[in-house]
Amino acid sequence: MDRTDFLELDTGISGKVADSGAVELSLPSEIGILPIRSAVAYPGTVMPLAIGRERSKRLIADITPQETIFGLIAQKNPDVEDPTPDDLYSVGTAASVLKVIRMPQGSINIVVHGILRFRVIEYTANEPYLKARIEPLEIQIRKTKKLEALVVSVRNTANRVIALSPNVPEEATLLLENIQEPSALADFLAATLNIPINEKQELLEESDTYKRLEKISLALANQLEVLELSHKIQGQVRQSIDKSQREYFLQEELKAIQAELGQEDRRTEEIRDLQQKIKAAKMPAAVEAEAMRELDRMSKTPAVSPDYGVIRTYLDWVCELPWAVRTEDRLEIAGARRILNQDHYGLEKIKRRILEFLAVRKLNPIGKSPILCFVGPPGVGKTSLGKSIARAMGRKFVRISLGGIRDEADIRGHRRTYIGALPGRILQELRKCKSNNPVFMLDELDKIGQDFRGDPASALLEVLDPEQNNNFTDHYLDQPFDLSNVMFIGTANYAEPIPPALMDRMEVLELPGYTQHEKLHIAKKYLVNRQRREHGLTKEQLAIKDDALLEIIDSYTREAGVRNLERMIGSICRFVATLIAEGKKKKAVVGRPELARILGPRKFESEIALRTATPGVVTGLAYTPYGGEIMFVEAAKMPGRGQMLLTGQIGDVMKESTQAAFSVVKSTAQELHIDPKLFAKNDFHVHVPAGAVPKDGPSAGVSMFTALVSLLTARPARPDVAMTGEITLKGLVLPIGGLKEKILAAKQAGIKTVILPKRNQKDLLEVPAEARKGMTFIFVRNAAEVLKAALSAELRSSRSQTK
C-alpha cells in the first residue's frame, strides 16, 4: 500500500501517513464514554480496567471489531457511583480494547490501549451509556535545544527513580530509553508517577509538551528526594543490624573459646555474683524467690536488650536493701537521759516519752516502734531533737524533707515500666543508711503539696501506720518491705494542714516556744560556744555577758525559737573576729552597751501604752506557726448607714468572729449603755495593723468585741491588759489553743495582765513558772466579765467619738 493512501485500521481510526513518517490519526465524531475512577488514561499506555457498572458493561458489549474506539474520562469524585456529565472532566483519552476477560461473578476485566487525547464538545446520550461528540486535542511541540535538554534531564531523573524504587522491573529502564518522542515520554512518565488524580488530569489536559515535561520533572525530583532519604535511612538501619549481628557472633565465638580454655565469661561471672548477693541479703523467702526468677530472666536476655539493664538495676536495688541489717538499741536509760540533756535544754515532756519507749523496748524487744510528730514553731529544735534521739538510742539518723513534694512516686516510687524508674525516698534512704531500724525523720509534714500526679500525704498513711507498715510495698520493688522497726518522727510548724487521717496515725508532741530564761540558758550553754567554734574564737578571746544576751532576746529578736538569736550571736562573733584579725584587739567582752555599735539600733520596742491610749484600741493575742504574737485591734466609726468594714488581711474565720462580736454588741447595747441609734447612723471600721501579714482564727472574737465596746462607750482599754478567746452570739467565752505561746508573747511585750477563757485555767499548769511570774491571769466566762477586766472606768473623748 502506497504511503500516501489512507489506512483502514481495525480500531476504527482512519489515518494518513505524513511525509515526516508519523501517522496522523482521526477519530469518529461521536464515541461512547467510559467513566473511570481513581485513574487517568494517557495515550500510548496500556492499562487494565475492572468493569462493574451496568452502563459500562453495555458499552463494552456494543463494541464491535469495526467500532472499537471509545473514550476514557476520569471522574472528579471517585465516590459517585452513577456519574453524570457534570461529574466528569472535559478532557479524556480515546482508547481501544486489547483484551476482554469475563469473570464467573459477572464482572468484566478489560485491557485497554490509550491512543489520542480528545475534548468533549457535548454529550449526546445518557442511555444505554454515555455518548459524546468530541474533537481531538492537538499536541503542541516545538523541537528546540531547550526541549532536548529537558528530555535528557527528565530521562536521567526517571532512571534514578527506577533504580531506587524496589518494585519496578528492570525492563522499565529499557522501555524508557526506547521512547524518543518527547510527548510520548511525558505520557509514559505521567502514567507511572505517584501523584494525586487532579494533578494527573492537569498533565493530560496540558497540550504544550515542554510545559508538561517541566511539571513531570518537578514531580520526579520530589519523588527522587523521598526515595533517596528512604534509601539512606534503610542503609543506616541495615548497618546497625549488621553491627549488632557481628557483635553477637563475636560474643558467641568468645564464649566457645573461653569454654575450651576452661574460663568463665563475664556474663556468667556476673550472674554468679548476683546469685551470691541474693543469698547474702537474707531477704524473705517470697522476695528471694522473685529475685531468683528475675535473675533467671536476665540470664536468658541478650546483653544488648533494654530489658537486661532494667532487670540488672532492679536486682542491684533488691540486694542492697537492708533486709536483715540493723543496729543494736542502746537500752541504758541513764545514758540516754544524759545524752538528751547534753543536746537540749528543757523539753522534758518529749525526753520523758523517749525514755519511756526505751524502757518498753528493754522489757519487750519485739514491740512496735512509735510514730511521733513534733509540732512547734521554727527554731525550737525539732530536727536536732531527732538527731539526739538517734544518738541516745544508738541508731542511725535519716531525714527527708517533704516540703513542696507533689508526686506520690516520691514516697512509693515508680513502676518498672517507666524508663529511669527508681524506688521512693523511703527505700532510697534506707539503702543509704544500711539499716532497717533507723530514726527516720519526715520533715515539714504540713507543707506537702497535692496535684494531678497524686497525693503524697495519702501515700504516707501506710508508712506511718504500725499495723500496716510491716508490709510496705514500693511500686518499683513490688515486694513487701518491713518498716515496723523504723522509728518515724514527723515534724510540722502547724498541725491544721496535716490531713486528719495522717494525724490520727501519729502521737503528737507539741514543742512550745522558749521562755526568756530558757533562751538565756540555751544561748550560754550551746549557741555561744557553737558560734565561737565556727568563727575560730576561744573563750579567752570572746565573752558575752548575760545582760547583752538578755538585751538581744528582748530587743533584737522576737521569736518562739532561738534561730535568730544564734544569728545575732554570730554577728557579734564576726565583729570581734574582724578586730582580732586586724590586730586591733586580742580579746573582747561584749556587754549591753556595746550592742548598739555591733548590731545597730533596737529592732523591737514595747508600744502597748502608746497604742492603747485612745478608745477603740485593744491588745489581743494570736498563735501563728512561728509562735505567739501580740495583735492590736483598732475600731473606728464614721457617719454612714450601719455597714461594717474589715481590713488587715483578715481570714474568713476571723471575719466571722468580728461579725459575731458586732452582733453581740448590738444585742447588748442597752446593758452597755450604748445608744442604738449609733448603729444606724454610723459605719464601723475594724482594722488589724500589719496588713501585709495574713491573720485568721476564732480566738480574736473577745478582742474585736472589746474594741467595739471601747469605741462606742469612749472607755479606753487598760494599757497593760491583753486578751484572747472566742466569743459566741450569747456572749460566752470559749477556750483557745496555743496558750503557752500567747503568754510568752504577752510577757515579752510587757503585758502584766492577760484575760483568758475560764475553760483554759487547767492548761495554765503547762506554762512554765518563769513565764507566769509577775503576771496576773483573769479567767472569764462571758463578755461582761471581759469588759469589767479590760476597760477602765475613765471616759475619754477621741477624734473618732466626735463624729
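Just so you know, these numbers come straight off a predicted model, no measurement behind them.

Core analysis: the biggest nonpolar cluster contains 61 residues, and Leu49, Leu72, Phe118, Leu189 and Ile216 have the highest contact counts within it. The greatest single-element share of this core, amounting to seven residues, is contributed by helix H2 (residues 145-164). Counting residues in hydrophobic clusters, the runner-up holds 52 residues, among them Ala281, Leu445, Leu502 and Met506.

This paragraph deals with the packing of aromatic side chains. Taken as a whole, this structure holds six aromatic pairs when the rule is applied. With 5.4 Å between their ring centres and 40 degrees between their planes, Phe440 and Phe488 make a pair best called tilted. Here Phe488 lies in strand S15 (residues 487-492) and Phe440 lies in strand S12 (residues 439-443), a separation of 48 residues in the sequence. Given the relative accessible area of 0%, Phe440 is considered buried. Among the residues examined, Phe488 registers a relative accessible area of 1% and is labelled buried. Grouped by ring-pair contacts, the aromatic residues Phe662, Phe679 and Phe684 constitute a single cluster. The ring of Tyr314 carries Arg416 above its face, with NZ or CZ at 3.8 Å from the centroid. Above the ring of Trp317, the side-chain terminus of Arg431 is found at 3.9 Å from the ring centroid.

There is a patch of nonpolar side chains on the surface, built from Leu229, Ile233 and Val237 and spanning about 270 Å² of accessible area. Take Val237: it is sitting in helix H6 (residues 209-261). On the basis of relative accessibility, which here comes to 44%, the residue Val237 falls in the partly exposed class.

This next bit is on the sheet that holds S12. The five strands are arranged S11-S12-S15-S10-S16 in an open sheet whose pairing can be described as parallel. The outermost strands of the open sheet, each flanked by one partner alone, are strand S11 (397-401) and strand S16 (507-510). Averaged over all adjacent pairs, the angle separating strand axes in this sheet is 20 degrees, with direction ignored. Summarising the sheet, strand S10 (residues 371-375) and S15 pair through five bridges and their orientation is parallel. Bridge pairing in S15 links Phe374 to Thr491. Across the sheet, helix H14 (residues 425-433) lies against S11 and S12, angled at about 150 degrees from S11, the strand it touches most.

With that settled, consider the environment of Ile674. Summarising the element assignment, Ile674 is placed in the loop between helix H22 (652-667) and helix H23 (677-681). According to the relative accessible area criterion, Ile674 is buried, its value standing at 4%. Once the C-alpha coordinates of Ile674 and Thr713 are considered, the two residues, 39 residues apart in sequence, prove to be 6.6 Å apart. With residues near it in sequence (within four places) discarded, Ile674 still touches Val665, Ala669, Phe679, Leu712 and Thr713.

Before going further, it helps to spend a moment on helix H4 (residues 182-192). Among the 11 residues of H4, eight are classified as buried, and the element is accordingly described as predominantly covered. Taken residue by residue, H4 has Pro182, Ser183, Leu185, Ala186, Asp187, Phe188, Leu189 and Ala190 as its buried positions.

So, about the pattern of salt bridges. The tally for this structure, following the rule as stated, stands at 36 salt bridges. Note that Glu127 is salt-bridged to Arg58, the shortest N-O span being 3.3 Å. Of the two residues, Glu127 sits in the loop between strand S8 (108-125) and strand S9 (131-136) while Arg58 sits in helix H1 (residues 54-62), which places them 69 residues apart along the sequence. Across the pair Glu270 and Arg312 runs a salt bridge whose closest N-O atoms are separated by 2.0 Å. You can see Glu270 sitting in helix H7 (residues 266-280) and its partner Arg312 sitting in helix H9 (residues 306-320), a full 42 residues away along the chain. Among the residues examined, Arg312 registers a relative accessible area of 22% and is labelled partly exposed. Each member of the salt-bridge network shares a partner with another, and the members are Glu290, Arg293, Glu294, Arg297 and Arg416.

Turning next to the packing of H22 against helix H24 (residues 701-713). The geometry of H22 relative to H24 is characterised by a closest axis approach of 8 Å and an angle of 45 degrees between their N-to-C directions. In terms of their interaxial angle, H22 and H24 are classed as oblique. When the axes of H22 and H24 are compared, the crossing they make is right-handed. Contacts from Met654, Ser657, Thr658, Ala661, Phe662, Val664 and Val665 of H22 reach H24 at Gly701, Met704, Phe705, Leu708, Val709 and Leu712. The residue makeup of the contact of H22 with H24, split by class, is 10 nonpolar, three polar and no charged.

This part takes up the pairing of S12. Walk down a regular strand and you will see the side chains alternate between the two sheet faces. Across the five residues that make up S12, a large majority, five, are buried. Residue alternation in S12 divides its side chains into two sets, Val439, Met441 and Asp443 and Phe440 and Leu442, and both sets are buried. Relative to S12, S11 is paired through five bridges, and the arrangement is parallel. Counterpart to Arg399 in the pairing with S12 is Met441. Pairing of S12 with S15 involves four bridges; the strand directions are parallel.

Turning next to the pairing of strand S4 (residues 30-36). In terms of residue burial, S4 counts as a mostly covered element, since six of its seven residues are buried. Pairing analysis gives three bridges linking S4 to S9, with the strands arranged antiparallel. Residue pairing across strands places Glu30 opposite Arg133, the latter belonging to S9. As judged from the five bridges shared by S4 and strand S6 (residues 70-74), these two strands associate in the parallel manner. Counted as the bridge partner of Pro35 is Ile73 from S6.

For helix H25 (residues 739-748), a buried count of eight out of 10 residues is recorded, marking the element as mostly surrounded by other parts of the structure. Taken residue by residue, H25 has Leu739, Lys740, Glu741, Lys742, Ile743, Leu744, Ala745 and Ala746 as its buried positions. Following H25 by one or two positions, Gly750 adopts a phi angle in the positive range, close to 90 degrees.

Rules and cut-offs
Residues numbered from 1 in each chain as written. Predicted model: local features only at pLDDT ≥ 70, side-chain atom pairs only at ≥ 80, totals over all residues. Heavy atoms only, no water. Core = buried A, V, L, I, M, F, W, Y, C linked by side-chain atoms within 4.5 Å. Buried < 20%, exposed > 50% of the residue type's maximum accessible area, 1.4 Å probe, protein only. Helix = DSSP H or I, 4+ residues; strand = E, 2+ residues; numbered from the N terminus. Phe/Tyr/Trp six-rings, centres within 6.5 Å; stacked < 30°, edge-to-face > 60°. Lys NZ or Arg CZ within 6 Å of the ring centre and 35° of its normal. Patch = residues over 30% accessible without salt bridge, like charges linked within 9 Å, V, L, I, M, F, W, Y side chains within 5 Å. Areas by Shrake-Rupley, 256 points an atom, 1.4 Å probe, with all protein chains shown as cover. Salt bridge = Lys/Arg side-chain N within 4 Å of Asp/Glu carboxyl O. Pairing = 2+ DSSP bridges. Axes fitted to C-alpha atoms, helices over the stretch in contact; angles between N-to-C directions. Contact = heavy atoms within 4.5 Å. Parallel < 35°, antiparallel > 145°, perpendicular 65-115°, else oblique. Left-handed = near helix turned anticlockwise from the far one by under 90°. Nonpolar A, V, L, I, M, F, W, Y, C, P; charged D, E, K, R; others polar.

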